[in-house]
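# What the coordinates show
Residue-level listing of the chains:
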Amino acid sequence: MVKQAENICRQAAIQLRDKTEPQNWRALKEQLFNKFILRLVSCVQLASKLSFHYKIISNVTVLNFLQALGYLHTKEELLESELDVLKSLNFQINLPTPLAYVEMLLEVLGYNGCLVPVTRLHATCLTLLDLVYLLHEPVYESLLRASIENSTPSQLQGEKFVSVKEDFMLLAVGIIAASAFIQNHECWSQVVGHLQSITGIAVESIAEFSYAILTHSVGANTPGQQQRTPPHLGARALRAATSSNT
């Protein structure tokens, strides 16, 4: 929609430059407004084709939905709208997301006999993913301090840590491990063991990330504590507490 608005403004600028009769701004605004719902539905429909495959949202379903909202469109207009969205994104829509990694790992965990029901883990993972998105900087700052065992990382250490922030697989195992701890901490070690064998990521790294997430979600450090536990020691305590239950 941003690109479409830019195109409309560009066309209006060209008309002014060429001294042709410009379109009425009210008409341009109405044109943009009328296309908004259609573009929004096209985005949802494209996402369904990428994610659900055999359960995609059909054109008939979309047309009925739009009609219920008072918008009358044809199947050809739906296809044109999808094509416009794809062109605006340069056809680059199949991009990896943290959720894709989480769901892939959960599926493998389900086959491996995870003690915590995967459906419950999935629901908690979605909530924690939202949380990490909203608290991205504090969570990763905690993880950085834990990884270097220092509360004041240098600029160089921060720059080297950028690759960790871009590691979706590490984020996924941390999210799942934290979710497993919330659902059933007695099964945490088993889940982390599965994650380590599936991904090859060290148990220590999984523990540190899950501890950082738990600290910012359920509050591993309570507000009443006078002295905060260093993140790396907290991760060690987390591993020790759960391993004693196995």
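As the structure is a computational prediction, the values presented were derived from the model and not from experiment. (Residues numbered from 1 in each chain as written. Predicted model: local features only at pLDDT ≥ 70, side-chain atom pairs only at ≥ 80, totals over all residues. Heavy atoms only, no water.)

### Considering the overall build of the protein chain
Secondary structure assignment for the protein chain yields 13 helices and 0 strands. Ordered by position from N to C terminus, the α and β elements of the protein chain give α-α-α-α-α-α-α-α-α-α-α-α-α. Within the span of the protein chain, comprising 246 residues, buried residues form 30% of the whole. At a minimum sequence separation of 6, the contacts of the protein chain that also span at least 24 residues come to 68%. (Helix = DSSP H or I, 4+ residues; strand = E, 2+ residues; numbered from the N terminus. Buried < 20%, exposed > 50% of the residue type's maximum accessible area, 1.4 Å probe, protein only. Contact = heavy atoms within 4.5 Å.)

### Quick word on the side chain of Arg39
Here Arg39 shows up in helix α2 (residues 25-51). Given a relative accessible area of 11%, Arg39 falls into the buried group. Separated by 3.0 Å, the side chains of Arg39 and Asp84 make a polar contact. (Polar contact = N/O pair within 3.5 Å; in protein donor to acceptor, adjacent residues only side chain to side chain.)

### Regarding the confidence of the model for the protein chain
Chain-level statistics for the protein chain give a pLDDT mean of 79 and a share of 80% at 70 or above. Confidence, expressed as mean pLDDT per element, reaches its minimum in the protein chain at helix α13 (residues 231-243) with 47 and its maximum at helix α10 (residues 168-183) with 93. Confidence over residues 220-235 falls short of pLDDT 50; this stretch has 20 contacts with residues more than four positions distant or in other chains. Taken as a whole, residues 237-246 scores under 50 in pLDDT and shows 18 contacts with residues more than four places along the chain or in a different chain. (pLDDT = per-residue confidence, 0-100.)

### Some remarks on the packing of helix α5 (residues 98-111) against helix α11 (residues 188-199)
Their axes nearest at 11 Å, the elements α5 and α11 cross at an angle of 115°. One element, α5, and the other, α11, form an angle in the roughly perpendicular class. As α5 runs across α11, the sense of the crossing is right-handed. Between α5 and α11, the residues in contact are Leu105, Val108 and Leu109 and Val191, His194, Leu195, Ile198 and Thr199, respectively. (Axes fitted to C-alpha atoms, helices over the stretch in contact; angles between N-to-C directions. Parallel < 35°, antiparallel > 145°, perpendicular 65-115°, else oblique. Left-handed = near helix turned anticlockwise from the far one by under 90°.)

### A closer look at the environment of Lys49
Looking at the element boundaries, Lys49 is found in helix α2. Once you skip the residues sitting within four places of it in the chain, Lys49 turns out to touch Ile56 and Glu82.

### Concerning the packing of helix α6 (residues 118-134) against α10
Running from N to C, α6 and α10 cross one another at 120°; their axes reach a closest spacing of 9 Å. Between α6 and α10, the angle falls in the class oblique. The chirality of how α6 crosses α10 is right-handed. Facing Arg120, Leu121, Thr124, Cys125, Leu128, Leu129 and Val132 of α6, the residues of α10 in contact are Leu171, Ile175, Ile176, Ala178, Ser179, Ala180, Ile182 and Gln183. Residue composition of the contact of α6 with α10, grouped by class: 11 nonpolar, 3 polar and 1 charged. (Nonpolar A, V, L, I, M, F, W, Y, C, P; charged D, E, K, R; others polar.)

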